[in-house]
4 protein chains.
Amino acid sequence: MDPITSRPPGRPRSQRAEDAILRAALALLAERKNVAEVSIEAIAARAEVGKATIYRRWPGKEELFADAVATLRPPLPELGQAPLRDDLIAIFTQVCAEMDSPLDRAVTVLMMDQTHPEIVHRIKQQVLAPRSRAVANLLRRGVDNGEITPDVDPEAVVNLLTGGAFFCRRPAGGRSAQERAQLLVDTVWNGIRA
Amino acid sequence: MDPITSRPPGRPRSQRAEDAILRAALALLAERKNVAEVSIEAIAARAEVGKATIYRRWPGKEELFADAVATLRPPLPELGQAPLRDDLIAIFTQVCAEMDSPLDRAVTVLMMDQTHPEIVHRIKQQVLAPRSRAVANLLRRGVDNGEITPDVDPEAVVNLLTGGAFFCRRPAGGRSAQERAQLLVDTVWNGIRA
Amino acid sequence: MDPITSRPPGRPRSQRAEDAILRAALALLAERKNVAEVSIEAIAARAEVGKATIYRRWPGKEELFADAVATLRPPLPELGQAPLRDDLIAIFTQVCAEMDSPLDRAVTVLMMDQTHPEIVHRIKQQVLAPRSRAVANLLRRGVDNGEITPDVDPEAVVNLLTGGAFFCRRPAGGRSAQERAQLLVDTVWNGIRA
Amino acid sequence: MDPITSRPPGRPRSQRAEDAILRAALALLAERKNVAEVSIEAIAARAEVGKATIYRRWPGKEELFADAVATLRPPLPELGQAPLRDDLIAIFTQVCAEMDSPLDRAVTVLMMDQTHPEIVHRIKQQVLAPRSRAVANLLRRGVDNGEITPDVDPEAVVNLLTGGAFFCRRPAGGRSAQERAQLLVDTVWNGIRA
DNA sequence: ACGTAAGCGAGACGGTACGTCGAGTCTTGGT
DNA sequence: ACCAAGACTCGACGTACCGTCTCGCTTACGT
């Protein structure tokens with residue numbers, strides 16, 4: 001009766017299977033580094049699940065990965081205790097480090113893909129939003145503090161630093177994530193004008 | 001005699017076929033927006049070429065696209081006549097515009113892919129290098145001019161602006177490429193410190 | 001419980017598909033008259049079946065044709081009511097007629113092929129054996145009756161007559177199957193010694 | 001002037017190449033035991049010849065094999081010195097032995113193929129005819145001698161014995177070629193009637 | 001002696017079929 | 001209604017030959 005407590009008839013879907021599928025998807029993504037290289041069959045096999053159990057839940061690979069990726073909630077470093085510049089470096093050190101992680105980088109590339117705009121949207125909402133909001137808050141606070149100029153566009157700053165982190169990955173032997181973050185943040189911090 | 005003018009035995013490879021293949025690959029990439037969605041068979045059909053003619057030249061799809069992409073030589077805007085900031089905006093207006101082009105964006109995403117590092121390297125060398133070098137020259141000139149501070153890291157600037165352009169694409173109705181470029185460049189130009 | 005009535009897990013193989021494949025194989029063999037001219041793809045298309053459905057059941061063309069051919073069970077004429085010589089003529093009239101049928105002849109040629117000895121064995125067992133046994137029985141009965149000499153080797157007789165039928169096919173306008181059978185049987189029947 | 005001694009302009013065709021091609025074709029046929037398994041490319045490679053050199057001479061594989069097979073001229077045993085029955089056994093011992101030779105058997109199977117009737121005709125003319133004629137002569141002589149009955153059809157006898165030889169091949173360990181030939185000839189010789 | 005014309009080897013050309021793999025769907029018996 | 005298993009059709013994969021077509025070079029003749 002109660003539309004909330006009432007359940008559909010028949011055997012309920014197995015949470016166990018669902019978790020195994022999402023876990024398998026991420027594991028394989030980390031291994032193969034590319035969504036296209038991960039087959040649904042491989043996910044089903046790894047999760048010890050029938051293919052139908054996957055297709056019952058998601059219409060296709062992309063939606064499955066959207067959900068799988070959404071389970072990743074990168075922890076935020078503790079913010080607001082330090083000067084703004086240090087907080088920014090802390091956050092983008094983490095972003096730079098993620099760019100070195102096969103899984104996180106694969107997710108980012110997936111996000112860049114033009115063929116699945118809703119997925120991009122979902123990832124932005126569920127995964128990136130907290131961090132973006134945190135940075136936006138930091139910047140707003142910085143403006144209030146007088147630490148940064150009031151005419152700054154927070155979104156532009158996020159895009160610059162995120163994109164910079166994405167592009168500045170180096171082949172082995174390069175700078176550490178923290179060094180890279182520091183360089184990026186400082187460049188934006190000071191500007192380049194004489 | 002001359003080891004350079006001497007030719008290998010047998011019928012030489014058809015330049016016509018090679019061109020048609022590369023053209024077809026790029027056309028299909030622009031249509032499908034994703035390397036994974038472009039099949040070798042479709043390229044062969046579009047180029048009116050046998051599959052073997054493709055596999056004779058490239059071991060796989062990635063190498064083929066690496067060459068196809070290398071044929072794209074984005075023209076540089078004329079630089080050096082205007083103040084540094086205007087030149088930067090001109091260049092990154094072009095970059096932002098490319099991010100709105102399905103083909104160029106697909107190429108960029110391909111470049112981000114971790115599974116083919118040598119291809120990334122080739123694209124960087126052959127396609128991006130002229131532009132990067134141009135920006136580096138601009139910045140060096142700016143330092144000499146006294147337009148920008150001497151302690152700036154040119155590569156960091158390129159990464160920030162390129163990545164920013166890559167990430168700041170908006171769904172239809174957003175800012176124009178030039179507006180976005182201007183915003184990005186100004187943010188880096190002025191810095192964010194009060 | 002019962003190891004015979006228990007079934008393997010998963011969707012069972014479609015008998016419908018299997019029949020369609022075998023039927024298509026024989027139809028195409030009759031049309032093209034040569035196993036080499038019949039492609040698996042053509043069989044799959046004719047049977048409205050995926051190629052994998054064929055390869056799931058048979059490792060290759062030869063094994064498929066072995067099974068297809070095994071479905072051919074040439075009806076035996078009614079034997080034992082007539083004098084032995086008439087029965088032999090009846091049987092070998094049928095064999096001669098088969099040598100004029102593209103399908104049956106293609107099967108016979110396939111059987112002669114040295115590259116697939118087990119297939120030859122299977123065809124002999126499943127298709128030819130009943131007829132051979134029938135002839136052997138006839139001959140044994142003939143010996144008992146006193147119609148034929150007791151020192152005859154039944155297998156030699158079968159080989160002679162079968163091979164004779166195989167080789168004596170004529171281009172259009174030749175003798176009828178029955179005339180040829182009669183000539184062959186009579187030659188063996190009477191011998192050639194003065 | 002002389003249409004016989006005049007030669008076409010240009011470089012004459014290489015007899016060396018032609019021989020090598022035919023030799024290679026037969027060698028590969030003996031190895032692979034089946035015309036369908038021998039590719040033109042393999043013949044060209046084995047003969048160290050370009051494919052065009054083959055296609056310049058023959059329109060296709062079948063015509064090439066027709067010529068290759070025509071170079072096989074099985075030697076006739078010396079006939080006419082012995083009683084007819086012994087001569088027949090001598091000839092069909094050779095036929096039985098050929099049925100055990102991969103090459104000769106492959107040729108025979110090729111001959112049975114319905115898709116190339118002209119080739120069959122050529123092989124009959126050029127390869128089999130001498131032997132058939134020899135057997136026919138033997139039989140005619142036998143009739144004259146009074147060794148065999150005058151109402152025998154020579155062609156039927158040839159077909160029976162040839163077909164019998166073709167069909168009576170046994171897996172390893174069977175009777176020798178001579179034993180088989182003797183059995184076949186004796187069966188036809190004596191007939192089976194009591 | 002030299003040009004012309006066809007043959008030569010090599011190997012690329014557009015195709016067709018191969019046998020494999022994965023996509024997304026369907027069909028079992030059993031939970 | 002769910003589940004694992006494994007069938008289904010379909011389409012792309014990369015390979016092997018088909019028969020044809022260029023290449024640069026060779027061979028033989030008629031001038």
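Per an unreviewed UniProt entry, chain A carries the name TetR/AcrR family transcriptional regulator and comes from Salinactinospora qingdaonensis.

Draft legend 1. Structural view of the overall build of chain A. A tally of helices and strands in chain A yields nine helices and zero strands. Within chain A, the proportion of its 194 residues that are buried is 48%. Within chain A, contacts between residues at least 6 apart in sequence are counted, and of these 66% link residues at least 24 apart. Total accessible area computed for chain A in this model is approximately 9800 Å², and 52% of it derives from carbon and sulfur atoms. Distance between charge centres in chain A, computed from 26 positive and 25 negative side chains, equals 5 Å.

Draft legend 2. Summary view of helix α2 (residues 40-47) of chain A. Residue and element names in this part refer to chain A. Three or more residues of α2 are buried, namely I40, A42, I43, A44 and A47. Taken together, the buried residues of α2 touch α1 (15-32), α3 (51-57) and α4 (61-70). Looking one or two residues past α2, E48 carries a phi angle of roughly 55°, positive in sign.

Draft legend 3. Spotlight on the interface of chain D and chain C. Contact residues are listed per partner, giving 46 residues for chain D and 45 residues for chain C. Here chain D packs against chain C, burying approximately 4200 Å² in sum over the two surfaces, 62% of which is carbon and sulfur. Where chain D packs against chain C, one counts zero salt bridges. Taken together, the links from chain D to chain C amount to 13 residue pairs in polar contact (both at pLDDT 80 or more). Those elements giving two or more residues to the side of chain D that touches chain C turn out to be α6 (102-112), α8 (154-167) and α9 (177-190) of chain D. Each residue belonging to the side of chain D that touches chain C can be placed in one class, and the counts come to 21 nonpolar, 14 polar and eleven charged.

Draft legend 4. Region of interest: the protein's contact with DNA strand E. Taken together, the neighbourhood of DNA strand E is formed by 42 residues, with Y55 of chain A, R56 of chain B, I40 and Y55 of chain C together with R56 of chain D sitting nearest. The sugar-phosphate backbone supplies 68% of the atoms of DNA strand E found within 4 Å of the protein. One nitrogen or oxygen atom from the side chain of T53 of chain B is found 2.6 Å from a phosphate oxygen belonging to DNA strand E. Residue K51 of chain C places a side-chain N or O atom 2.8 Å away from a base oxygen belonging to DNA strand E. Of all the secondary structure elements, the ones that give two or more residues to the surface near DNA strand E are α2 and α3 of chain A, α3 (51-55) of chain B together with α2 (40-47) and α3 (51-55) of chain C. Considering every element that reaches the surface near DNA strand E, the biggest residue donor is α3 of chain A, with three residues. Grouping the amino acids of the surface near DNA strand E by side-chain chemistry returns 13 nonpolar, eleven polar and 18 charged.

Draft legend 5. Layout of the interface of chain B and chain A. With 46 residues of chain B at the interface, the matching set in chain A holds 46 residues. Taken together, the links from chain B to chain A amount to zero salt bridges. Inspection of the chain B/chain A interface yields twelve residue pairs in polar contact (both at pLDDT 80 or more). Residue assignment for the side of chain B that touches chain A shows that the elements contributing at least two residues are α6 (102-112), α8 (154-167) and α9 (177-190) of chain B.

Draft legend 6. Seen up close, the relation of the copies chain B and chain A. Superposition record for chain B on chain A: RMSD 0.2 Å, screw rotation 179°, translation along axis 0.1 Å. On the angle and the small slide along the axis, the relation comes out as a two-fold axis. The fraction of interface residues of chain B whose copies in chain A are also interface residues reaches 100%, indicating that both copies meet through the same surface.

Draft legend 7. How the structure looks around the arrangement of the chains. Separated throughout, chain A and chain D approach each other most closely at a C-alpha pair spaced 36 Å apart. Separated throughout, chain B and chain D approach each other most closely at a C-alpha pair spaced 10 Å apart.

Draft legend 8. Just the packing of aromatic side chains, in detail. What the rule picks out here adds up to ten aromatic pairs over all chains. Both rings, one in F166 of chain A and one in F167 of chain A, keep their centres 5.8 Å apart while their planes meet at 75°; by these two values the pair is edge-to-face. With centroids separated by 6.0 Å and ring planes inclined at 0°, the aromatic side chains of F166 of chain A and F166 of chain B adopt a geometry described as stacked. Placement of the pair is F166 of chain A in helix α8 (residues 154-167) and F166 of chain B in helix α8, with the two residues belonging to separate chains. Put simply, the rings of F166 and F167 of chain A together with F166 and F167 of chain B touch in pairs and so form one group of aromatic residues.

Draft legend 9. Broad picture of the environment of P74 of chain B. Residues and elements named next belong to chain B. By the element assignment, P74 lies in the loop between α4 (61-70) and α5 (84-100). For the pair P74 and L26, spaced 48 residues apart in sequence, the C-alpha separation works out to 14 Å. In this structure P74 touches Q94, E98, V127 and R131, once residues within four positions along its chain are discounted.

Draft legend 10. Local environment of the protein's contact with DNA strand F. In the neighbourhood of DNA strand F, 42 residues make up the surrounding shell, with T53 and R56 of chain A, Y55 of chain B, R56 of chain C together with Y55 of chain D lying closest. Backbone atoms, meaning sugar and phosphate, make up 73% of the atoms of DNA strand F lying within 4 Å of the protein. Interatomic distance of 3.3 Å between a side-chain N/O atom of R13 of chain A and a phosphate oxygen of DNA strand F. Elements that contribute at least two residues to the surface near DNA strand F include exactly α3 of chain A, α2 (40-47) and α3 of chain B together with α2 (40-47) and α3 (51-55) of chain D. Among the residues forming the surface near DNA strand F, the class breakdown is 13 nonpolar, ten polar and 19 charged.

Draft legend 11. Quick look at the relation of the copies chain D and chain C. Overlaying chain D on chain C yields an RMSD of 0.3 Å, the required transformation being a rotation through 179° with an accompanying axial translation of 0.1 Å. Of the interface residues in chain D, 98% have counterparts in chain C that sit at the interface too, so the contact is made through matching surfaces.

Draft legend 12. Quick peek at the UniProt feature "domain: HTH tetR-type" (unreviewed entry) in chain A. Per the UniProt record, "domain: HTH tetR-type" (unreviewed entry) is found at residues 15-76 of chain A. With 69% helix and 0% strand, residues 15-76 of chain A has end C-alpha atoms that lie 28 Å from one another.

Draft legend 13. Just the UniProt feature "DNA-binding region" (unreviewed entry) in chain A, in detail. As annotated in UniProt, the feature "DNA-binding region" (unreviewed entry) corresponds to residues 39-58 of chain A in the numbering used here. With 75% helix and 0% strand, residues 39-58 of chain A has end C-alpha atoms that lie 14 Å from one another.

Draft legend 14. The arrangement of unusual backbone geometry in detail. Phi at K33 of chain A takes a positive value of approximately 65°, unusual for a residue other than glycine. For K33 of chain A, the position within the fold is in the loop between α1 and α2. Exposure remark for K33 of chain A: the relative accessible area of 33% places this residue in the partly exposed category. Positive phi, close to 55°, is recorded for E48 of chain D, a residue that is not glycine.

Draft legend 15. Region of interest: the environment of C168 of chain B. You can see C168 of chain B is positioned in the loop between α8 and α9. Separated by 16 residues in sequence, C168 of chain B and L184 of chain B place their C-alpha atoms 9.1 Å apart. C168 of chain B has contacts with N159 of chain A together with C96, R180 and L184 of chain B, leaving out every residue within four places of it along the chain.

Draft legend 16. Summary view of the packing of helix α5 (residues 84-100) of chain A against helix α9 (residues 177-190) of chain A. Residue and element names in this part refer to chain A. Where α5 meets α9, the axes come as close as 8 Å, and the angle between the chain directions of the two elements is 130°. Between α5 and α9, the angle is such that the two are oblique. Here α5 and α9 pass one another in a crossing that is right-handed. Taking contact as the criterion, the partners of L84, R85, L88, I89, F92, T93, C96, A97 and D100 in α5 are, on α9, A177, Q178, R180, A181, Q182, L184, V185, D186 and W189. The residue inventory of the contact of α5 with α9, partitioned by class, reads eleven nonpolar, three polar and four charged.

Draft legend 17. The pattern of salt bridges, seen in detail. This structure, assessed with the given rule, holds 40 salt bridges over all chains. Between R141 of chain C and D87 of chain C there is a salt bridge, with the nearest N and O atoms lying 3.8 Å from each other. Pair noted here: R141 of chain C is in helix α7 (residues 117-145) and D87 of chain C is in helix α5 (residues 84-100), with a separation of 54 residues, a long-range link. Under the relative-accessibility criterion, R141 of chain C is labelled partly exposed at 24%. Each of the salt bridges in this network shares a partner with another, and the network as a whole consists of E31, R32 and R46 of chain A.

Thresholds, definitions, all that
Residue numbering note: each chain is counted from 1, following its sequence as written. Think of it this way: whatever chain is written first is A, whatever ligand is written first is 1, and the rest follow in order. Residues qualify for local features only when their pLDDT is at least 70, as the model is predicted, and side-chain atom pairs are given and counted only at 80 or more; totals for whole chains, interfaces and linings, by contrast, use all residues. Working from all heavy atoms in the structure, the side-chain values ignore hydrogens and water. Strands here are runs of E lasting at least two residues and helices are runs of H or I lasting at least four, both read from the DSSP assignment and numbered beginning at the N terminus. The buried label goes to any residue with under 20% of its type's maximum accessible area, the exposed label to any with over 50%, and the partly exposed label to all in between, with areas taken from a 1.4 Å probe on protein chains only. For this analysis, residues touch if any pair of their heavy atoms sits within 4.5 Å. Per-residue accessibility takes into account occlusion by the displayed protein chains alone, with areas from the Shrake-Rupley method and a 1.4 Å probe. For the purpose of counting charges, residues Lys and Arg are taken to be positive, whereas Asp and Glu are taken to be negative. His and the chain ends are not included. Lys charges are placed at NZ, Arg charges at CZ, Asp charges at CG and Glu charges at CD. As a working definition, buried area equals the accessible area (1.4 Å probe) given up by two parts on being put together, with both sides summed. A pairing counts as a salt bridge when a side-chain nitrogen of Lys or Arg comes within 4 Å of a carboxyl oxygen of Asp or Glu. Definition of a polar contact: a pair of N or O atoms within 3.5 Å, with one able to donate and the other able to accept a hydrogen when the atoms are protein atoms, and with sequence-neighbouring residues admitted only if both atoms are side-chain atoms. Amino acids outside the nonpolar list (Ala, Val, Leu, Ile, Met, Phe, Trp, Tyr, Cys, Pro) and the charged list (Asp, Glu, Lys, Arg) are all regarded as polar, and Gly is one of them. If a single non-hydrogen atom of a residue is within 4 Å of a molecule or strand, that residue counts as near it. C-alpha atoms of residues with pLDDT of at least 70 in both copies form the basis for the least-squares superposition of the copies. For Phe, Tyr and Trp, rings pair up if their centres lie within 6.5 Å, where Trp contributes its six-membered ring, and each pair is then called stacked (planes under 30 degrees apart), edge-to-face (over 60) or tilted (otherwise). UniProt positions are given in the numbering used here, feature names are shortened, and annotations may be inferred rather than shown by experiment. Angles shown run from 0 to 180 degrees and are taken between the N-to-C directions of axes, each axis being a line fitted to C-alpha atoms and, for helices, limited to the stretch in contact. Every angle not falling under 35 degrees, over 145, or within 65 to 115 is termed oblique; those three ranges are roughly parallel, roughly antiparallel and roughly perpendicular. Should the near helix be turned counterclockwise from the far one by less than a right angle, the crossing is left-handed, whereas a clockwise turn marks it as right-handed.

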